[in-house]
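# Topology and contacts: notes
If you want the building blocks of each chain, they are given just below.
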Amino acid sequence: MTSKQRAYLKGLAMNIDSVFQIGKSSLTPEVTQAVSEALEARELVKITVLKNCLDDGRSIAEVLAERTHSEVVQVIGRKIVLYRPAKDESKRKIQLPVK
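Now for a look at the structure at hand. (Residues numbered from 1 in each chain as written. Predicted model: local features only at pLDDT ≥ 70, side-chain atom pairs only at ≥ 80, totals over all residues. Heavy atoms only, no water.)

Of all hydrophobic cores here, the largest spans 19 residues; its most connected members are Ile22, Val35, Ile47, Ile60, Leu64, Ile80 and Leu82. Mapped by element, the contributors of at least two residues to this core are strand S1 (20–22), helix H2 (29–42), strand S2 (44–49), helix H3 (57–68), strand S3 (71–76) and strand S4 (79–83). Setting aside chain neighbours within four positions, we find isoleucine 22 in contact with Leu27, Val31, Ile47, Thr48, Val49, Leu50, Cys53, Ile60 and Leu64. Within the second largest apolar cluster, seven residues are counted, among which are Leu9, Ala13, Leu44 and Val73. (Core = buried A, V, L, I, M, F, W, Y, C linked by side-chain atoms within 4.5 Å. Buried < 20%, exposed > 50% of the residue type's maximum accessible area, 1.4 Å probe, protein only. Helix = DSSP H or I, 4+ residues; strand = E, 2+ residues; numbered from the N terminus. Contact = heavy atoms within 4.5 Å.)

Given below as structure tokens:
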């Protein structure tokens, strides 16, 4: 992903609300599955890491991206933004700028 594409996705992410909150149980298989399903439906998701979670946002973002085969767009404090294009090209909502 190029910096131009990342900047475009950051702009889109500013206007969306957090879809998930990760709490003290951290990353469970259920959370990972739910995030994967949300990525398939929305392509771009924002996640909040609650204060009672012992892990930091950056490490959670990296693990979650690896498990869901997505890309970390940005991590700011306790907010994580992930992107994964829909598998079915006809369902893709986000058109990234050309490299």
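So that's the structure; there's more coming.
Taken together, the four strands give an open sheet; going across it, the order is S1-S2-S4-S3, and neighbouring strands pair in mixed fashion. Edge positions in the sheet fall to S1 and S3, since each has one partner strand and no second. On average, each strand axis in the sheet is inclined to that of its neighbour by 25 degrees, with strand direction left out of account. The sheet contact formed by S3 and S4 spans five bridges and is antiparallel. In the sheet register, valine 72 faces S4, and the bridge partner there is leucine 82. Across the sheet, H2 lies against S1, S2 and S4, angled at about 150 degrees from S2, the strand it touches most. (Pairing = 2+ DSSP bridges. Axes fitted to C-alpha atoms, helices over the stretch in contact; angles between N-to-C directions.)

What follows concerns the environment of valine 75. Here valine 75 lies in strand S3. Among all residues touching valine 75, those that are not within four sequence positions of it are Gly57, Arg58, Ala61 and Ile80.

Attention now goes to unusual backbone geometry. Notably, serine 26 is not glycine yet its phi reads approximately 60 degrees, a positive angle. Residue position: serine 26 is located in the loop between S1 and H2. If you check the backbone angles, glutamate 43 has positive phi at about 75 degrees while not being a glycine. Here glutamate 43 lies in the loop between H2 and S2.

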